Amino acid sequence: MAAIDGMHALLYKYRIIFLVGYVIFLVCLFEGAARLAFLIPTKRLQANEDYTYRRNWVDQHQRFMLEAYYSFDVYDPSCGWRTKPNVRDLRVFDNKILNTNSKGVRGTRDFSYNKNRQKLRILILGDSFTFGDEVSDDETYSFYLQEMLPQAEIINMGAHGYGHDQMLILLKEEGIKYQPDIVILGFLGLDMSRNLLSFRDFAKPRFVLERGRLKLTGVPVPSPEEILEWDWARPRIIDIFSLLSHSVKKFTGIQKQEMRDVTTAILKEMINVIESAHAIPILEYLPRGKEITNKAAKTEDEAYLFSICQLNDKARCFSARPQFAAKIAKGERFKSGGHWDPAGHLVVAEAIRNHLEAEGFIAIH
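Since this is a predicted model, take the numbers as computed values, not measurements.

Criteria and thresholds
- Residues numbered from 1 in each chain as written.
- Predicted model: local features only at pLDDT ≥ 70, side-chain atom pairs only at ≥ 80, totals over all residues.
- Heavy atoms only, no water.
- Helix = DSSP H or I, 4+ residues; strand = E, 2+ residues; numbered from the N terminus.
- Buried < 20%, exposed > 50% of the residue type's maximum accessible area, 1.4 Å probe, protein only.
- Contact = heavy atoms within 4.5 Å.
- Areas by Shrake-Rupley, 256 points an atom, 1.4 Å probe, with all protein chains shown as cover.
- Pairing = 2+ DSSP bridges.
- Axes fitted to C-alpha atoms, helices over the stretch in contact; angles between N-to-C directions.
- Disulfide = S-S within 2.5 Å.
- Patch = residues over 30% accessible without salt bridge, like charges linked within 9 Å, V, L, I, M, F, W, Y side chains within 5 Å.
- Salt bridge = Lys/Arg side-chain N within 4 Å of Asp/Glu carboxyl O.
- Parallel < 35°, antiparallel > 145°, perpendicular 65-115°, else oblique.
- Left-handed = near helix turned anticlockwise from the far one by under 90°.
- Right-handed = clockwise from strand over helix to strand, strands pointing away.
- Phe/Tyr/Trp six-rings, centres within 6.5 Å; stacked < 30°, edge-to-face > 60°.

> What should I look at first to understand the overall build of the chain in this one?
When you go through the chain residue by residue, the secondary structure sums to twelve helices and eleven strands. Overall, the chain is about 105 × 45 × 45 Å in size when its C-alpha atoms are taken along their principal axes. The proportion of buried residues among the 365 residues of the chain is 46%. Considering only contacts within the chain whose residues lie at least 6 apart along the sequence, 72% involve residues at least 24 apart. Surface summary for the chain: the accessible area is close to 19000 Å², and the carbon and sulfur share equals 57%.

> Even after reading the chapter, I still don't get the sheet that holds strand β10 (residues 280–285), so can you show me in this structure?
Two strands in a sheet stick together by hydrogen bonds in their backbones, pointing the same way (parallel) or opposite ways (antiparallel). The five strands lie next to each other as β6-β5-β7-β10-β11, forming an open sheet whose pairing is parallel. Only two strands of the sheet have a single neighbouring strand rather than two, namely β6 (152–156) and β11 (316–319). Taking each pair of neighbouring strands and ignoring which way they run, the sheet shows an average axis angle of 20°. Running over the sheet, helix α5 (residues 164–173) touches β5 (120–125) and β7 (182–187) and is turned about 165° from β7. Across the face of the sheet, helix α9 (residues 254–276) comes into contact with β5, β7 and β10 while running at roughly 140° to β10.

> In this structure, what is going on with the state of the cysteines? I would like to understand it.
Cysteine pairs can be linked by a disulfide, which is a covalent bond between their two sulfur atoms. Counting across every chain of the model gives one disulfide. A sulfur-sulfur distance of 2.0 Å marks the disulfide that ties C309 to C317. Between C309 and C317, the S-S torsion sits near 75°, and that sign places the bridge as right-handed. The class of C309 is buried, set by a relative accessible area of 13%. Note on C317: relative accessible area 14%, which makes it buried.

> Looking at this model, I keep getting lost on a nonpolar patch on the surface. Mind explaining?
A cluster of nonpolar residues, Y12, I16, F18, L19, V20, Y22 and I24, forms a patch on the protein surface that exposes about 740 Å² of accessible area. With respect to the helices and strands, Y22 occurs in helix α1 (residues 2–39). Its relative accessible area of 43% is what places Y22 among the partly exposed residues.

> How do you make sense of the packing of α5 against α9 when you look at a structure like this?
When two helices pack together, their arrangement is given by the angle between their axes and by how far apart the axes lie. Where α5 meets α9, the axes come as close as 10 Å, and the angle between the chain directions of the two elements is 20°. Judged by the angle between their axes, α5 and α9 are roughly parallel. Both α5 and α9 take part in a crossing whose hand is left-handed. Contacts from H164, D165, M167, L168, L171 and K172 of α5 reach α9 at T263, I266, L267, E269, M270, V273 and I274.

> When you look at the packing of helix α4 (residues 141–148) against helix α12 (residues 342–358) in this model, what are you seeing that I'm missing?
With their axes 8 Å apart at the nearest point, α4 and α12 run at an angle of 50° to one another. By the angle between their axes, α4 is oblique relative to α12. Between α4 and α12 the crossing geometry is right-handed. The residues of α12 that touch α4, namely those facing Y141, Y144, L145 and M148, are P342, H345, L346, V348, A349, E350, I352 and R353.

> Whenever I open this one, the pairing of β11 confuses me. Can you help?
Each regular strand displays side chains that alternate between the two surfaces of the sheet. Relative to β11, β10 runs parallel, the two sharing four bridges. Counterpart to L283 in the pairing with β11 is C317. In the classification by handedness, the crossover that spans β10, the intervening helix α10 (residues 300–311) and the parallel β11 is right-handed.

> Can you walk me through unusual backbone geometry in this structure?
Among all residues except glycine, the phi angle is most often negative; among peptide bonds, the trans geometry is most common. The omega torsion of the bond from V219 to P220 falls at -5°, within 30 degrees of zero and hence cis. Phi at N86 takes a positive value of approximately 60°, unusual for a residue other than glycine. Structurally, N86 is set in the loop between β2 (80–83) and β3 (90–92).

> What is the right way to look at the packing of aromatic side chains in this model?
Within a pair of aromatic rings, the relevant descriptors are the distance that separates the centres and the angle that separates the planes. Tallied over the entire structure, the rule returns 15 aromatic pairs. Ring geometry for F72 and F131: centres 5.6 Å apart, planes at 20°, overall stacked. Note that F72 is positioned in the loop between α2 (50–63) and β1 (73–76) and F131 in helix α3 (residues 128–131), a separation of 59 residues in sequence. Assigned by exposure class, F72 and F131 land together as buried. Taking the centre distance of 6.2 Å and the plane angle of 40° together, the rings of F187 and Y285 count as tilted. With F187 in strand β7 and Y285 in strand β10, the pair connects residues that are 98 residues apart, well separated along the chain. By relative accessible area, F187 is classed as buried at 0%. The exposure class assigned to Y285 is buried, which follows from its relative accessible area of 0%. An aromatic cluster is defined as three or more aromatic residues linked by ring pairs; in this entry it consists of W57, Y70, W81, Y162, F199 and F202.

This is the structure:
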């Protein structure tokens, strides 16, 4: 009897070893298949999700031996990346000129944290459209607005590739130090999807909602060097599951709802931070591409932004789209692809000036 029990125990042990070995074999098989699949150039294995951006970034830097950073970026453990300070006459965007001050703000002018009480100080947050991709320093809407409002100080804190999450962090850590009177958020609908990402141009932080409250994750953000050094050890099976999850959520509408929910929470927090700094929050809708010529009363993303201001009567919302429409009605034409050209930036600056005047924040003589 004891011999039979011993035999059963031995068989059980062999079965466990076999099952463990089989599971390891399947994991290795799937991992190998996933790695092979990602070696095949196809758009079917790409989406607007974390691991696609990460794989493409690593591939570009390893294949072409690129520097870990772009020419005007610097690693930041809080935001992921910031604009490099003290850039001087850098040729970018097909021979455009880029300068930054000692804090990484676009342009050469430095601003003291202690503001001039005799001047209205306006801080502008945004992504690459606000920062000024594809134009020179003196062709951004912040620059044009400064020329239109010499009685004010315009601080352009736009950063390329940013989501609203990074804009909120930048506002908290740096923006409120300038003691602004007005904070303008240059809002584009495309930035909303970035609020669901933990990797875009580089690794980035991300807010998630827990019981309706924002929780910051992914900080300190890993540096580009860390990403490159350890990418070989990252399981590609996770990438496959991420792609599948993204597809399911997109098909079912879950992704859109998550995007709206977290963006709403971020914008509400941004408004609260601005108000706590005794400044006025203004959310400006910035149209791009075909939106510029869209004749609808409001686009879907535009209506969403205005709904934020309806929830908080202290925040102001307006759109630059009517200003473009007025120019188009007079026969002017604007670039329909990529970022705005200088003419587009000028229209946005005019829209801001007109709104500030209409709200009584400035007087135009």
